[in-house]
Amino acid sequence: MLVIEAVSHAYGALQALQSVSLDVAAGEVVCLLGPSGCGKSTLLRIAAGLEPVQHGRVELAGQVVGEPRLSLPPELRRVGMVFQDFALFPHLTVTQNIAFGLSDLPRAERQAQAAHWVARIGLPDLADAFPHTLSGGQQQRVALARALAPSPRLVLMDEPFSGLDVTLRDRLRDATLSLLKDAGVATVLVTHDPDEAMRMADRIILMRAGRIEQAGAPLDLYNRPVSAFAAAFFGSVTLLDARAEGGEVVSDLGRFDAPVQSGPVTMIVRQEALHRAGEGGLRAMVTHARSLGREHLIGLTIGSTALTARWAEGRLPGVGERIPVVLDRQRVHLFAKEA
Ligand SMILES: Nc1ncnc2c1ncn2[C@@H]1O[C@H](COP(=O)(O)OP(=O)(O)OP(=O)(O)O)[C@@H](O)[C@H]1O
């Protein structure tokens, strides 16, 4: 449905995107994930037609909608948009906001469609309310209904949950996903939150400094990161400097195949890689221990290596205690150290 091909974009001397390509199928939810400033919003704005294409091409349903010197205006792209601040029309009611994009329909049909969406998002009692009287979560639902009501080919969402509190966010993510999937629409969602991307995406595009670092199914990125950046972006990790000699790294955690024959290596150990063992295993000394309720956060030293672990089993160990731990080697990733 959406094809972005080799798009590059500069703001003056600043190269915000460098030859980025991606495609999104109908019914697919793709998350653009990455740290602040990596170019996510710029890419979204180019897909929407809010930013002209400087280099490369944008296609929607097989039609070129953007390339240098050609730009189909946003309102002709049949693209729905949901922004972080929701951008509802303050002088229109909930129903009128949702009906806004349905002006092509006869009046009665338009009313029926808007009423359908008001019910669909569970706000029939607020049909005649104005946006400023709604909670953030209610505004988000109206913004989504307004985007979906005209049956767009593509929905673009820029950090749509970031202004909301944590419990509400979880519920709204699930509700949003089910509305998007029911509509069968191609969706691009921008977020800097890896949990949100893992939870919502069919595919994640991880971006770094204007380029795609890695793209794939959420678990692929988590299990098979291509770089220390990608590994560290998902979840909490300990980053260790190590050295490869003869194609392997010998460390306090054991021997590992190295990504290079010799030279500096970054070793990433996920917090969930370490678990308390019954007996045997590695000998660790507890340097700090704190219960987070459903799990413990434990500081350990193994030999002279300091690590942080996170596990749920057993009682909270005491500081200074020596305990046996096991290491899940699948949760350890080694990369040649970046310059
Ligand atoms: N209109 C603009 N003029 C000049 N520079 C811009 C403009 N918009 C964005 N930039 C710069 O381009 C780079 C990419 O910005 P962009 O907003 O696309 O990143 P982002 O990943 O969406 O970041 P965030 O999560 O903080 O919104 C940043 O360095 C930003 O400062």
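Everything numeric here is computed off the predicted structure, so don't read it as measured data.

From N to C terminus, the protein includes eight helices and 21 strands. Dimensions of the protein, computed from the C-alpha atoms along their principal axes, are close to 75 × 45 × 30 Å. Looking at the protein as a whole, 35% of its 339 residues qualify as buried. At a minimum sequence separation of 6, the contacts of the protein that also span at least 24 residues come to 64%.

All residues adjacent to the ligand are Tyr 11, Leu 14, Ala 16, Gly 34, Ser 36, Gly 37, Cys 38, Gly 39, Lys 40, Ser 41, Thr 42 and His 192. Of all the secondary structure elements, the ones that give two or more residues to the shell around the ligand are β2 (14-24) and α1 (40-48). Here the residues of the shell around the ligand sort into four nonpolar, seven polar and one charged.

Looking now at helix α3 (residues 107-120). Across its 14 residues, α3 extends 20 Å between first and last C-alpha, which sits within 8% of the 20 Å expected from 1.5 Å per residue. Of the positions making up α3, those classed as buried are Ala 114, Trp 117 and Val 118. Seen from one end, α3 has its buried residues packed into an arc of 105°, which puts them on one side. Residues Ala 108, Glu 109, His 116 and Ala 119 are exposed on α3 and point more than 90 degrees away from its buried face. Each element contacted by the buried residues of α3 is listed here: α2 (94-99) and α4 (136-148). Within two residues after α3, Gly 122 carries a phi angle of roughly 75°, on the positive side.

Moving on, we come to the pairing of strand β7 (residues 79-82). Residue alternation in β7 divides its side chains into two sets, Val 79 and Met 81 and Gly 80 and Val 82, and both sets are buried. Of the pairings in the sheet, the one linking β7 to strand β8 (residues 154-158) comprises four bridges and is parallel in character. Bridge assignment links Val 82 to a residue of β8, and that residue is Met 157.

Attention now goes to the sheet that holds strand β17 (residues 282-291). Ordered in space as β16-β20-β17-β18-β19, the five strands form an open sheet in which the pairing is antiparallel. Of all strands in the sheet, those with a lone pairing partner are β16 (274-276) and β19 (305-311), marking the two edges. Mean inter-strand twist for the sheet, computed between neighbouring axes without regard to direction, equals 45°. When β17 meets strand β20 (residues 322-327), the two strands line up antiparallel, connected through four bridges. Residue pairing across strands places Ala 284 opposite Ile 323, the latter belonging to β20.

Bridging between strand β18 (residues 296-302) and β19 involves seven bridges; their strand directions are antiparallel. Each bridged residue has a counterpart across the sheet, and for Leu 297 the counterpart in β19 is Arg 310. Hairpin connection from β18 to β19: two residues lie between these consecutive antiparallel strands, with Gly 303 at a positive phi of about 60°.

UniProt annotation of "domain: ABC transporter" (unreviewed entry) refers to residues 2-234 when read in the numbering used here. When the span residues 2-234 is considered, its composition is 34% helix and 28% strand, and the gap between its end C-alpha atoms is 26 Å.

Basis of the calculations
- Residues numbered from 1 in each chain as written.
- Predicted model: local features only at pLDDT ≥ 70, side-chain atom pairs only at ≥ 80, totals over all residues.
- Helix = DSSP H or I, 4+ residues; strand = E, 2+ residues; numbered from the N terminus.
- Buried ≥ 20, exposed ≤ 12 C-beta atoms within 10 Å, placed from the backbone.
- Contact = placed C-beta atoms within 7 Å.
- Near = placed C-beta within 6 Å.
- Nonpolar A, V, L, I, M, F, W, Y, C, P; charged D, E, K, R; others polar.
- Expected span 1.5 Å × (residues − 1).
- Arc of directions from axis to C-beta.
- Pairing = 2+ DSSP bridges.
- Axes fitted to C-alpha atoms, helices over the stretch in contact; angles between N-to-C directions.
- UniProt positions renumbered as here; feature names shortened; annotations may be inferred.

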